[in-house]
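A structural walkthrough
Chain by chain, the residues run as shown.
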Amino acid sequence: MDIKNRNENISYESAGVSIDTANETKRQFKDIVSSKSSGSCRPVNQVGAFASLVELDLENYTKPVFVLKSEEPGSKQALAIDNNKIEWIARDLINHLVNDIIVMGASPRAVLDTIICGKFEKETVLKLVGEISAACGENGCVLVGGETSEQPGMLPAGRYILQASVLGIAEKSKIIDGSRIKAGNALICLASNGLHTNGYSLVRKLIETKPGILEEKINGMSFLEAVLQPHVSYFEAIKTILEKYPDNICGMAHITGGGIRDNLERIIHDGSLSANIDLAEIKTPPIFGVIKNYANIPDEEMLATFNNGAGLIIAAEANLAENIINSVKSTGIDAYIIGEIIKSDNKNKKIIFNNKPVWN
C-alpha cells in the first residue's frame, strides 16, 4: 500500500470547490435580492434561509390561479460566455420566462434562479445575479432566491449553466389559452429584435464551418453583437393591452423553438379554424437573411427554426386591431397585422402560409 498517498490530505478546496469564496459571494446577494419587493409580491425572509418565503397580495383576485414556468437560455449561453456577453444571458433568461406566462394572461410575481458553474468566479456570479434581479424588476417581479452551485468535473472553469423558474398569478376567468379564438380574429405580430433564444446550435455550427460570417456588419453591429442581442421582453406591451382590452384579446403565442407554426398551433384548439398568414408581411430583421445566405437554408427550415421577426403573435378582435397595435407601439414595440383566423375544412392544417418571406 502507498503510505504516502494514503496519508495525503484531500480537501474540498483541493477538489476544486471553494466554500469560502462561495459564502463570501452569497453574503453579497442580500444587497441584490433580499429587501426588494415588486407590486403584490414581498419577500418575507432573508437570503440564506433553506427556502424563500414570499407574501402575495391576492385581495384583487376572485379565483387566483398560480402560473408556473421554468426556462434556460440553451446553447446561446456558450456563445455569449465566449464573447464576453454573459450579462445579456441574464436578460434572455428572465425575458423569455416572463413572455411565456404573460401570453396566458398571467402577471409575473417571483423568480428563483439557478447558476451552475465549473469554478466560482465571484465577479461573474455577482454580475449575473445583479442582471437577473434587474431584469426581474423591469418585468414587474422580484428575484427571491435560488441556488448557486460550483461543480468542477461537471463543467470546465469559465463555463456556466443558467436556469430560472417564475411564479405568476392569473384570475381564473381571465386566463388566455386560445379557447376564445374565432374566425375573423386578426393576427397581430409583435416584432422580435433577432433570434431571441432559439436556433443557436445551428448558429454555432455555422460560425465553426464558415467563420467568414463573423466579418459581416448588420445595422452597424458586428455579426456576434447582432446575433447575441438579448431576448425582447413584451411585458409592458401585453400589460398595456390587457388593461385596455381585457375582453378582446383571444389568444397569444410566444414564438420560440419551432417557429410560428409550432407555437401558434398550441393555442388554436378548434379543429375548424386555421391561421392564415402572409409571410411577406413579416418584417424580418437582416440577421436572418445573413444566416440563411451563409448556411444555404431553405425557407421551410428557417421557418421551423427561428422566429424570423415574429416574437409574439396575438389573435384579437379585428375591429380593435389598430387600437391594439397603437397601444403596443406606445411601449416601444413594433406591431402590425400579418393575417387572420379563418374557417377551414382541413383539420390537419392549422397554420396556412401564403407568399414567401422577404429576406433582407
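Each value, and the rule that gives it
- Residues numbered from 1 in each chain as written.
- Predicted model: local features only at pLDDT ≥ 70, side-chain atom pairs only at ≥ 80, totals over all residues.
- Heavy atoms only, no water.
- Salt bridge = Lys/Arg side-chain N within 4 Å of Asp/Glu carboxyl O.
- Helix = DSSP H or I, 4+ residues; strand = E, 2+ residues; numbered from the N terminus.
- Buried < 20%, exposed > 50% of the residue type's maximum accessible area, 1.4 Å probe, protein only.
- Expected span 1.5 Å × (residues − 1).
- Core = buried A, V, L, I, M, F, W, Y, C linked by side-chain atoms within 4.5 Å.
- Contact = heavy atoms within 4.5 Å.
- Pairing = 2+ DSSP bridges.
- Axes fitted to C-alpha atoms, helices over the stretch in contact; angles between N-to-C directions.
- Parallel < 35°, antiparallel > 145°, perpendicular 65-115°, else oblique.
- Left-handed = near helix turned anticlockwise from the far one by under 90°.
- Nonpolar A, V, L, I, M, F, W, Y, C, P; charged D, E, K, R; others polar.

Glancing now at the pattern of salt bridges. Applying the stated criterion across every chain yields a total of nine salt bridges. Between E138 and R91 there is a salt bridge; the shortest N-O distance is 2.4 Å. Residue E138 is found in helix α5 (residues 122-138), and its partner R91 is found in helix α4 (residues 86-102); the two are separated by 47 residues along the sequence. With a relative accessible area of 18%, R91 lands in the buried category. Here the salt bridges do not stand alone but share partners, grouping K69, E71 and D100 into one network.

Spanning 17 residues, α4 covers 25 Å between terminal C-alpha atoms, matching the ideal 24 Å at 1.5 Å per step. By the criterion of burial, α4 is predominantly enclosed, with 16 of the 17 residues buried.

Proteins that are soluble and globular tend to have nonpolar side chains buried together. Counting 74 residues, the largest nonpolar core has L190, F223, V227 and I314 as its most contacted members. The leading source of residues in this core is α4, at nine residues. L190 has contacts with Y234, A237, I238, G309, A310, G311, L312, I314, V328, I333, D334 and A335, leaving out every residue within four places of it along the chain.

Right, let's talk about the pairing of strand β11 (residues 273-278) for a bit. Direction of pairing for β11 relative to strand β13 (residues 335-343): antiparallel, over a ladder of five bridges. Note on β13: the bridge partner recorded for I277 is G339. When β11 meets strand β14 (residues 351-354), the two strands line up parallel, connected through four bridges. In the sheet register, A275 faces β14, and the bridge partner there is I351.

Another aspect to go through is the sheet that holds strand β6 (residues 160-171). If you trace the four strands from one edge of the open sheet to the other, you get β3-β6-β4-β5, paired in mixed fashion. Each edge of the sheet is formed by a strand with only one pairing partner; in this case those strands are β3 (64-71) and β5 (142-150). Each adjacent strand pair in this sheet contributes to an overall mean axis angle of 15°, direction not counted. Pairing of strand β4 (residues 107-117) with β6 involves 10 bridges; the strand directions are antiparallel.

Working note: a packed helix pair is described by the angle between its axes plus the distance between those axes. At a minimum axis separation of 11 Å, helix α6 (residues 200-209) and helix α10 (residues 286-295) run at an interaxial angle of 55°. Between α6 and α10, the interaxial angle falls into the category oblique. Every pair of crossing elements has a handedness; the one defined by α6 and α10 is left-handed. Contacts between α6 and α10 involve L202, V203 and L206 on the former and, on the latter, I291, Y294 and A295. Within the contact of α6 with α10, the residues separate by chemical class into six nonpolar, no polar and no charged.

Attention shifts here to the environment of Y200. Of note, Y200 is situated in helix α6. Judged by its relative accessible area of 2%, Y200 is buried. The spatial distance from the C-alpha of Y200 to the C-alpha of V227 is 8.9 Å, given a sequence separation of 27 residues. Excluding anything up to four places from it in sequence, Y200 contacts S75, K76, L79, L195, V227 and L228.

Any functional reading would require information beyond the geometric quantities listed.
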